[in-house]
Number of protein chains: 2
Amino acid sequence: MHTYEQALQAGKQFLLEHDDYLVVSHVQPDGDAVSSTVTMGWLLSCLGKTFTMINEGEIPSRMRFLYHADAIVNMTEQPPERKFKAIICVDCADFARVGLTRQYFEEDAIILNIDHHPTNNGYGSVNIIKSDAAATAEILFELLQLFDITWDKDIATAVYTGLLTDTGGFRYANTSPNVMTVASRLLEHGVDGPYLAQTLLEEVTLPQIRILNKALSSLQMSEDGRVAWVVITPEDMQECGAANEDLEGIVNYTRNIRGVEVGIFFKVINDNAVKASLRSAGKIDVAALAQTFGGGGHVLAAGCRLEGKVEESVEKVLKQVNTQW
Amino acid sequence: MHTYEQALQAGKQFLLEHDDYLVVSHVQPDGDAVSSTVTMGWLLSCLGKTFTMINEGEIPSRMRFLYHADAIVNMTEQPPERKFKAIICVDCADFARVGLTRQYFEEDAIILNIDHHPTNNGYGSVNIIKSDAAATAEILFELLQLFDITWDKDIATAVYTGLLTDTGGFRYANTSPNVMTVASRLLEHGVDGPYLAQTLLEEVTLPQIRILNKALSSLQMSEDGRVAWVVITPEDMQECGAANEDLEGIVNYTRNIRGVEVGIFFKVINDNAVKASLRSAGKIDVAALAQTFGGGGHVLAAGCRLEGKVEESVEKVLKQVNTQW
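Residues numbered from 1 in each chain as written. Chains lettered and ligands numbered in written order. Predicted model: local features only at pLDDT ≥ 70, side-chain atom pairs only at ≥ 80, totals over all residues. Heavy atoms only, no water.

Looking at an unreviewed UniProt entry, one finds chain A named Bifunctional oligoribonuclease/PAP phosphatase NrnA and attributed to Paenibacillus cucumis.

Engineer: How would you summarise the sheet that holds strand S12 (residues 301–307) of chain B if you had to cite specific residues and measurements?
Structural biologist: Residue and element names in this part refer to chain B. The six strands are arranged S7-S8-S9-S10-S12-S11 in an open sheet whose pairing can be described as mixed. Two strands in the sheet have a free side with no partner beyond their single neighbour: strand S7 (220–221) and strand S11 (296–297). Summarising the sheet, S7 and strand S8 (residues 227–232) pair through two bridges and their orientation is antiparallel. Bridge pairing in S8 links Met-221 to Ala-228. Contacting S8, strand S9 (262–270), strand S10 (273–280) and S12, helix H11 (residues 310–322) runs over the sheet at an angle of about 155° to S9. (Pairing = 2+ DSSP bridges. Helix = DSSP H or I, 4+ residues; strand = E, 2+ residues; numbered from the N terminus. Contact = heavy atoms within 4.5 Å. Axes fitted to C-alpha atoms, helices over the stretch in contact; angles between N-to-C directions.)

Engineer: Any details on the nonpolar core? Residues and values, ideally.
Structural biologist: If you look at the biggest cluster of nonpolar residues, it comprises 110 residues, and the most contacted ones within it are Ile-88 of chain A together with Ile-88 of chain B. The residues touching Ile-88 of chain A, leaving out its near neighbours within four places in the chain, are Phe-14, Leu-15, Tyr-21, Leu-22, Val-23, Val-24, Met-40, Leu-44, Leu-112 and Ile-114 of chain A. (Core = buried A, V, L, I, M, F, W, Y, C linked by side-chain atoms within 4.5 Å. Buried < 20%, exposed > 50% of the residue type's maximum accessible area, 1.4 Å probe, protein only.)

Engineer: Talk me through the sheet that holds strand S10 (residues 273–280) of chain A; I want residue IDs and the actual numbers.
Structural biologist: All names here are of chain A. One open sheet accounts for six strands, arranged S7-S8-S9-S10-S12-S11; its pairing is mixed. Two strands in the sheet have a free side with no partner beyond their single neighbour: strand S7 (220–221) and strand S11 (296–297). Where helix H11 (residues 310–322) meets the sheet, it contacts strand S8 (227–232), strand S9 (262–270), S10 and strand S12 (301–307), and its direction lies at approximately 155° from that of S9.

Engineer: Could you give an account of helix H3 (residues 136–144) of chain B, with specific residues and numbers?
Structural biologist: The buried fraction of H3 of chain B amounts to nine of the nine residues, a majority that puts the element mostly inside the structure. The set of residues buried in H3 of chain B consists of Thr-136, Ala-137, Glu-138, Ile-139, Leu-140, Phe-141, Glu-142, Leu-143 and Leu-144 of chain B.

Engineer: Provide a residue-level description of the environment of Thr-136 of chain A, including the pertinent values.
Structural biologist: Residues and elements named next belong to chain A. Locating Thr-136 in the fold gives a position in helix H3 (residues 136–144). For the pair Thr-136 and Cys-92, spaced 44 residues apart in sequence, the C-alpha to C-alpha distance is 9.2 Å. Excluding residues within four positions of it along the chain, Thr-136 makes contact with Asp-32, Ser-36, Val-90, Asp-91, Ile-114, Asp-115 and His-116. In terms of polar contacts, Thr-136 uses its side chain to reach the side chain of Asp-91, at 2.8 Å. (Polar contact = N/O pair within 3.5 Å; in protein donor to acceptor, adjacent residues only side chain to side chain.)

Engineer: If you had to explain the pattern of salt bridges to someone new, which residues and values would you point to?
Structural biologist: Two side chains of opposite charge can pair, provided their charged atoms sit close to one another. Enumeration over the complete set of coordinates arrives at 20 salt bridges over all chains. Linking Glu-202 of chain A and Arg-171 of chain B is a salt bridge whose minimum nitrogen-to-oxygen distance equals 3.0 Å. Pair noted here: Glu-202 of chain A is in helix H6 (residues 193–202) and Arg-171 of chain B is in the loop between helix H4 (153–166) and helix H5 (177–188), and the two residues belong to different chains. With relative accessibility at 13%, the residue Arg-171 of chain B sits in the buried group. (Salt bridge = Lys/Arg side-chain N within 4 Å of Asp/Glu carboxyl O.)

Engineer: I'd like a description of the pairing of strand S4 (residues 84–90) of chain B, backed by residues and values.
Structural biologist: Residue and element names in this part refer to chain B. Counting buried residues in S4 gives six out of seven residues, a clear majority hidden from the surface. As paired elements, strand S1 (residues 20–24) and S4 share four bridges and run parallel to each other. The partner of Val-24 across the bridge, within S4, is Cys-89. Note: S4 against strand S5 (residues 105–115), six bridges, orientation parallel. Each residue of the ladder has a partner; that of Cys-89, found in S5, is Asn-113.

Engineer: Can you lay out the UniProt feature "domain: DDH" (unreviewed entry) in chain A for me, pointing to particular residues and giving the numbers?
Structural biologist: In this numbering, the UniProt entry assigns the feature "domain: DDH" (unreviewed entry) to residues 22–162 of chain A. Secondary structure across residues 22–162 of chain A comprises 25% helix and 23% strand; the distance between its end C-alpha atoms is 20 Å. (UniProt positions renumbered as here; feature names shortened; annotations may be inferred.)

Engineer: Tell me about the interface of chain B and chain A, residues and numbers included.
Structural biologist: Contact with chain B, which involves 39 residues of that partner, is made by 39 residues of chain A. Both faces considered, chain B and chain A share a buried interface measuring about 3500 Å² in area, 57% of it formed by carbon and sulfur atoms. When the area that chain B buries against chain A is broken down by residue, the three leading residues are Arg-171, Met-180 and Arg-258 of chain B, summing to 22%. Across the salt bridge formed by Arg-258 of chain A and Glu-203 of chain B, the nearest N and O atoms sit 2.6 Å from each other. For the pair chain B and chain A, the interface holds 20 residue pairs in polar contact (both at pLDDT 80 or more). Among the elements of the structure, H5, helix H6 (193–202), helix H7 (206–217) and helix H9 (250–255) of chain B are those that each provide at least two residues to the side of chain B that touches chain A. The greatest single-element share of the side of chain B that touches chain A, amounting to seven residues, is contributed by H5 of chain B. Residue composition of the side of chain B that touches chain A, grouped by class: 20 nonpolar, twelve polar and seven charged. (Buried area = accessible area lost by both parts, 1.4 Å probe. Nonpolar A, V, L, I, M, F, W, Y, C, P; charged D, E, K, R; others polar.)

Structure follows, in structure tokens:
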């Protein structure tokens, strides 16, 4: 069994002993995935290595301002012309999460696996896994301490982005004392925290705000005030010009109402199917609730799919909630 | 000229040399005011002093969970029966901010003034003013280091509350490296950061969410997408059961839309008066804008009052914005 410190040293060795690397992260990259990819790219360039950064898909537009994020190749648009032997996977909970990028791994590829997900099974040749890290960015910050490199605002900004997004702006339960200490060090390197919070957490698009408005207009509460829910239909989506990603976070508005224990977002798929996203304020296990409908998730955040008309689905879920008090 | 360290030492001396204190903060207390008041009360009880904490008004309900917040006396309801000689004013930018509590100061009262507002003129007998502190709580954290006291979760929670609320959840420009270091230390003392973020920053009441929905339903954008605005009428307020405090933060929804440079919240007062709250994304000085209508504020956040019907007022303000590009 290796300790975390030994793993960091083995990672350092891996980064020193090859000359040419492929850096990948998970499909549908989030803030921490992009942050980790460009941070690793920056380290490799500091070490004088050649490297290629690819992702199966597109980098979200709100992260493109990051140092070297434009150098992450969308492999669907610009497939690499060769395969790679030394691979670095960042923020990939399991190997399948690298998606189609694996076709650019040599058959005898060796992999450095850096991740913070507790379910990571250590699929790499070298593994740096710290499951109590809030973000892969937090692990990379510690890995970078082993190298004689000069921090600047750009790279500190990249690392801060991973911390900020994976902790929901220092609000989730993973916001440890170490997260705040690392954030403090990064701010000392000149990170513009308010700008990042605005760009990455607060900025919304017009379709997002329109669909939020639609959802809030449909808000209903149970008589006892413990359950709140909203409904969005395909017609609402079309009218607002909204895509699925624009729905993110809407369910929180239901759960955040004072006194509400369960907040639910019902998304009508068609006349006979509804998706429900469930959020709990703490008293109710919504994963168990979702499981009764064949869904799943976490204690505080879960989801399920229901067959039937939306009115029936709402009734079914509310009835089930009422058995849980 | 005293250094900050000398001021802290003088403050320590003040707290040691008397036996009985009155602790006050500003009228309409916010998170930092309540945080600072109870933190000071806790320190005085550690020192074995007698003390009374009062405020001109009520403590906001969402802060009443704080350790000893229920011991802060609303002087309108329970006027103290005597006056005090040794006064501690926390988070009061100027002396007038203590409001009606001053009637309980002896004529020859001596005041310890602890504050982070840059405009504080040092009205105390002893002054601890650090204008680059994000919150008075941050100064109190440093003052507490001078005493041999044992931190626990309750008092760390009180201090964290001031930091969290005065930095908008670690998102405002005052979120310095020191803020994050202090936050880290407080989390080590067992603060439940996610609970505080939920209770103090994310929780909304039903009237709040209803009036937000009304406002978003009125959302309009200029043709070039650089100005967004919403309008709330007295009828909306009544229909939603909303009070003025429920409007806080709504203007940010307009400013947070991607591409928007100026976000405006128009609140109709009556048929002939409108209040406008202005927010800038950075390019436009909304204080200057507000000044042309007799208002004022900061570069990024300002307000003014306009005479006339709301349609005319909207037109006037938009016209003025268009002269500013």
